[in-house]
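Letter by letter, the chains look like this.
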Amino acid sequence: MISFKTIRARAEKRKGGPKALEKLMPAKPDLKRLARLGDDRILAEMTRRVFCAGFAWSVIDAKWDGFEDAFLRFEPARLTFQPEDFWEGLLRDARIVRNGAKIMSVRDNAAFVQDIAKEHGSFGRFLAKWPSSDEIGLLDFLVKRGSRLGGNTGQMLLRFVGWDGFVTSKDVVACMREAGLDLAEEVKSKGDLAQVQAQFNAWAEETGLPYTHLSRICALSVGENRED
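Residues numbered from 1 in each chain as written. Predicted model: local features only at pLDDT ≥ 70, side-chain atom pairs only at ≥ 80, totals over all residues. Heavy atoms only, no water.

J.: Hey, could you run me through the state of the cysteines in this one?
T.: What makes a disulfide is a covalent bond joining the sulfur atoms belonging to two cysteines. Within this structure, the stated rule accounts for one disulfide. In this model cysteine 175 forms its disulfide with cysteine 218; the gap between the sulfur atoms is 2.2 Å. The S-S bond linking cysteine 175 to cysteine 218 shows a torsion near -100 degrees; that makes this disulfide left-handed. Pair noted here: cysteine 175 is in helix α13 (residues 170-179) and cysteine 218 is in helix α15 (residues 211-220), with a separation of 43 residues, a long-range link. Take cysteine 175 and cysteine 218: they sit in the same class, and that class is buried. (Disulfide = S-S within 2.5 Å. Helix = DSSP H or I, 4+ residues; strand = E, 2+ residues; numbered from the N terminus. Buried < 20%, exposed > 50% of the residue type's maximum accessible area, 1.4 Å probe, protein only.)

This is how it looks when you write it as structure tokens:
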């Protein structure tokens, strides 16, 4: 495997130098902020990522105020006590995207968030304690305990709530393949995910950078050089 210095140098050259690249980095993860994040906001982001999967994000964004109202501001305790006719009514509610399976995932994930909050004080505290060196373990946990949180959905959930992790986007995978990892073009298998995790762990130790920055730099070092 090549040093991350090589990958960073390539990204800097493509983006106009070290300072220009630095401006493209997301905010550094704040575990204290994550630990304080309300369970309603965690459930809201779960729902947003679930509904965005396979759908135009712009449509979900445009309807989001309606989602907030329809799903009772995503308060887990309120949602878990709603009767069947509440959920059936959402199938006819024009404020949201009326996908039955995704609507019911909100009920399941409300119970999931509530259960974890009871065990750890809040879902945010639970996430803040989980090490970035084991993202694949956390993703597996989300799949087993949550609803429709597998694949890219789980990764994007973690990214949007502020957890420090990587995302196996097309460009990130291309970067890692160029760096020497024997990966499929789409990382889905446990073996491929384990390789990605191990390499990000090595790069984090080498550089001291957050995983979100490593992932972003990796993505910017390959592929179409888009304006960011």
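Once you've had a look at it, read on.
J.: In this structure, what is going on with the packing of aromatic side chains? I would like to understand it.
T.: One pass over the full model with this rule turns up 18 aromatic pairs. Both rings, one in phenylalanine 71 and one in phenylalanine 74, keep their centres 5.6 Å apart while their planes meet at 20 degrees; by these two values the pair is stacked. A ring pair is formed by phenylalanine 126 and phenylalanine 141, whose centres lie 5.2 Å apart and whose planes are at 40 degrees; its orientation type is tilted. Taken as a pair, phenylalanine 126 in helix α10 (residues 123-129) and phenylalanine 141 in helix α11 (residues 135-145) lie far apart in primary sequence, 15 residues in all. (Phe/Tyr/Trp six-rings, centres within 6.5 Å; stacked < 30°, edge-to-face > 60°.)

J.: Sorry if this is basic, but what is going on with the pattern of salt bridges here?
T.: A pair can form between side chains of opposite charge whenever their charged atoms are brought close. Going through the model one piece at a time under the given rule, you end up with 15 salt bridges. Between arginine 73 and glutamate 68 there is a salt bridge, with the nearest N and O atoms lying 3.8 Å from each other. Take arginine 73: its relative accessible area is 41%, and that puts it in the partly exposed class. The buried category is assigned to glutamate 68, whose relative accessible area is 6%. Among the charged side chains, a salt-bridge network with shared partners connects Asp40, Arg41, Glu68, Asp69 and Arg73. (Salt bridge = Lys/Arg side-chain N within 4 Å of Asp/Glu carboxyl O.)

J.: What's the story with the nonpolar core in this structure? I'm lost.
T.: The nonpolar side chains of a soluble globular protein tend to be buried with one another. The biggest cluster of nonpolar side chains holds 41 residues, and the ones touching the most others in it are Met46, Phe67, Phe71, Phe123 and Leu127. With seven residues, helix α4 (residues 39-52) is the single largest residue contributor to this core. (Core = buried A, V, L, I, M, F, W, Y, C linked by side-chain atoms within 4.5 Å.)

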